[in-house]
Amino acid sequence: MPQAPEPRFGTFFLPGPTEVRPVVRQAMSGAMMSHRGPEFRALYARVQSGLRIVFCTTRPVFIATSSATGLMEAAIRNAPPGRVLALVNGGFSERFANVSVACGRTVDRYEVPWGSVHAAAEVTTRVRAGGHTVVSVVHSETSTGALNDVRAISDAAHGAGAVCVIDSVSGIRGAELCFDDWGLDYVFTGSQKALAIPPGLAFAVASDRYLAAGEHDRRGIYFDLAEFVAASEHDETPNTPAISLYYALDVQLESVLAEGMPAGWARHAAMCARTADWAARMQEATGLAVAPLVAAGHRSPTVTAIVTPGGMTPQAIVRGVAERGYTIGGGYGKLKGSTVRIGHMGDHTVAGLDGCLDACRQVLRALSQ
Ligand SMILES: *Cc1c(COP(=O)(O)O)cnc(C)c1O
């Protein structure tokens, strides 16, 4: 039976999938039920009300049996016809741009260096000049640890006549996002990042404005949001859902809601600050150039990319940390050779993170000898 060995709990700091509590994993062994019966509809209604709190919305939250990229593709397939302005600042926003191209859109890229964030005023200028109908943006760029101000960017898109579709895959639950209050159009996330559920479910909310203006001819079937709207009116999904993952979602939402969204955002912000403090102290104590890639003020609360000091490879650091019982991520895309990433999201705590950072400290010291 191919299975990962059982590590000590609280040691898995990959920026997705994130560590899943044993009680959530065990929930998945529940018996099957019909997805067209009252039992499932009750389960659906329960997770639905929890997810609405997570997204800060009173609108339906669509639940797809897919990884997050499925609802990224849905963002474009269901968007109003016309040109797309794709905001690119890392590997996942680049993927979002590529999805638009693959869906047959004409795409202009507003690119800033990896690790930077986008300027809302520039979005206004570009949409006015280019006549785009859709702006795509990533909230928390998991490849770099940069956090975009999606509220300001969405406002800018609206002011210039476009809708704004938002990837908050590693944002939701870790970084504040209020769908209704902020007047957003389309936001999606996945189960395996800050929500700390196994991979395989994706969640999205869409505004009436976005749904009404949407493309009608090229939606396909599986990610046609009209199908999700219709099914959700009966507390069902269009196709057979991953029922086992719903069991996990149900159990995990209880603890997400017990903590409360503002407390969850604060806990993630504290873990981000702790990681930056650690880097500053390391630099002071050792003279090694250890620093977050992203400038203060623009850091995602859920993930930090640390620039590796000269002469050390990310692979050697990740391996050394693993020998000390912790898992961290390597660099992503073009940052593969120059960064490591610590995913401080989901159910992790500052106290647990300290153990991981101490292992990183030992490895950096050992490698610098
Ligand atoms: C993980 C991630 C994705 C892709 O999610 P999948 O579940 O692998 O499809 C997209 N965007 C961001 C920002 C991510 O962190």
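Residues numbered from 1 in each chain as written. Predicted model: local features only at pLDDT ≥ 70, side-chain atom pairs only at ≥ 80, totals over all residues. Heavy atoms only, no water.

Right, let's talk about the pattern of salt bridges for a bit. All told, the structure shown has 19 salt bridges when counted by the stated rule. Arg173 is paired through a salt bridge with Asp347; the nearest N and O atoms lie 3.1 Å apart. You can see Arg173 sitting in the loop between strand 8 (163-167) and strand 9 (186-190) and its partner Asp347 sitting in the loop between strand 14 (339-343) and helix 12 (350-368), a full 174 residues away along the chain. Overall, the relative accessible area of 3% leaves Arg173 in the buried class. (Salt bridge = Lys/Arg side-chain N within 4 Å of Asp/Glu carboxyl O. Helix = DSSP H or I, 4+ residues; strand = E, 2+ residues; numbered from the N terminus. Buried < 20%, exposed > 50% of the residue type's maximum accessible area, 1.4 Å probe, protein only.)

Turning to the nonpolar core, a few remarks are in order. Core analysis: the biggest nonpolar cluster contains 52 residues, and Val135 and Phe203 have the highest contact counts within it. Residue contributions to this core peak at 8 residues, all from helix 9 (residues 243-259). Here Val135 is in contact with Leu85, Leu87, Val123, Val127, Ile153, Ala157, Ala162, Val163, Cys164 and Val165, once residues within four sequence places are set aside. (Core = buried A, V, L, I, M, F, W, Y, C linked by side-chain atoms within 4.5 Å. Contact = heavy atoms within 4.5 Å.)

So, on to unusual backbone geometry. Cis geometry is adopted by the peptide bond preceding Pro17, which originates at Gly16 and carries an omega value of -5°. Within the secondary structure, Pro17 sits in the loop between strand 1 (12-13) and helix 1 (22-27). Positive phi values are uncommon outside glycine, yet Cys56 reaches one of about 55°. In this structure, Cys56 sits in the loop between helix 2 (38-55) and strand 2 (62-65). When its relative accessible area of 23% is taken as the criterion, Cys56 is described as partly exposed. Non-glycine residue Ala196 carries a positive phi angle of around 55°. With respect to the helices and strands, Ala196 occurs in the loop between strand 9 and strand 10 (201-206). Using a relative accessible area of 0% as the deciding quantity, one classes Ala196 as buried.

What follows is about the packing of aromatic side chains. Under the defined criterion, the tally for this structure stands at 9 aromatic pairs. Aromatic pair Phe96 and Phe188: ring centres 5.8 Å apart, planes at 85°, arrangement edge-to-face. With Phe96 in helix 4 (residues 91-102) and Phe188 in strand 9, this residue pair connects regions lying 92 residues apart in the sequence. Taking the centre distance of 5.1 Å and the plane angle of 35° together, the rings of Tyr186 and Tyr210 count as tilted. Taken together, the positions of Tyr186 in strand 9 and Tyr210 in helix 7 (residues 208-213) put the pair 24 residues apart, joining distant regions of the chain. In this structure an aromatic cluster arises from ring pairing among Phe96, Tyr186, Phe188 and Tyr210. Over the aromatic face of Phe92 sits the side chain of Lys193, whose NZ or CZ is 5.3 Å from the ring centroid. (Phe/Tyr/Trp six-rings, centres within 6.5 Å; stacked < 30°, edge-to-face > 60°. Lys NZ or Arg CZ within 6 Å of the ring centre and 35° of its normal.)

Right, let's talk about the site of the ligand for a bit. Around the ligand lies a shell of 13 residues, among which Ser67, Thr69, Thr142, Asp167 and Lys193 are the nearest. Residue Asp167 places a side-chain N or O atom 2.6 Å away from a nitrogen atom belonging to the ligand. In the model, an oxygen atom of the ligand is placed 2.7 Å from a nitrogen or oxygen of the Gln192 side chain. Considering the ligand on its own, with 380 Å² of exposed area, one finds that the protein chains cover 90% of that surface. Elements with a contribution of two residues or more to the shell around the ligand: helix 3 (68-77) and helix 4. Partitioned by chemical class, the residues of the shell around the ligand number 4 nonpolar, 6 polar and 3 charged. (Near = heavy atom within 4 Å. Polar contact = N/O pair within 3.5 Å; in protein donor to acceptor, adjacent residues only side chain to side chain. Areas by Shrake-Rupley, 256 points an atom, 1.4 Å probe, with all protein chains shown as cover. Nonpolar A, V, L, I, M, F, W, Y, C, P; charged D, E, K, R; others polar.)

It is worth spelling out the sheet that holds strand 12 (residues 303-307) at this point. In space, the 5 strands of this open sheet follow the order 1-13-14-12-11, with mixed pairing throughout. At either end of the open sheet lies a strand with only one pairing partner, and these are strand 1 and strand 11 (291-292). For strand 11 and strand 12, the ladder comprises 2 bridges, and the chain directions are antiparallel. Among the inter-strand pairings, Ala291 is bridged to a residue of strand 12, identified as Val307. Running at roughly 170° to strand 13 (residues 327-330), helix 11 (residues 314-323) makes contact with strand 13 and strand 14 of the sheet. (Pairing = 2+ DSSP bridges. Axes fitted to C-alpha atoms, helices over the stretch in contact; angles between N-to-C directions.)

Below, the discussion takes up the environment of Arg8. By the element assignment, Arg8 lies in the segment before strand 1. As for Arg8 and Val123, which are separated by 115 residues in sequence, their C-alpha atoms are 45 Å apart. Setting aside residues no more than four positions away along its own chain, Arg8 makes contact with Glu19 and Tyr326.

The next subject is the side chain of Thr189. With respect to the helices and strands, Thr189 occurs in strand 9. You can call Thr189 buried: its relative accessible area is 1%. A polar contact of 3.1 Å, which involves the side chain of Thr189, links it to the backbone oxygen of Ser168. Here Val169 takes part through its backbone oxygen, which lies 3.0 Å from a polar atom of the side chain of Thr189. Apart from the residues lying within four places of it in its own chain, the contact partners of Thr189 are Phe55, Ala68, Ser168, Val169, Ile172, Leu195, Ala202 and Phe203.

A word on the domain arrangement of the chain. Taken as a whole, the chain is organised into domain 1 (22-259) and domain 2 (261-368). Once you take the C-alpha centre of each, domain 1 and domain 2 turn out to be 27 Å apart. Summing the contributions of domain 1 and of domain 2, the shared interface buries around 2,200 Å²; its carbon and sulfur component is 62%. When the area that domain 1 buries against domain 2 is broken down by residue, the three leading residues are Trp114, Arg173 and Glu259, summing to 27%. Our count for the domain 1 to domain 2 interface comes out at 2 salt bridges. Inspection of the domain 1/domain 2 interface yields 11 residue pairs in polar contact (both at pLDDT 80 or more). Those elements that provide at least two residues to the side of domain 1 that touches domain 2 are helix 2, helix 4, strand 7 (146-147) and helix 9. Considered class by class, the residues forming the side of domain 1 that touches domain 2 number 14 nonpolar, 11 polar and 5 charged. (Domains from an automatic or database assignment. Buried area = accessible area lost by both parts, 1.4 Å probe.)

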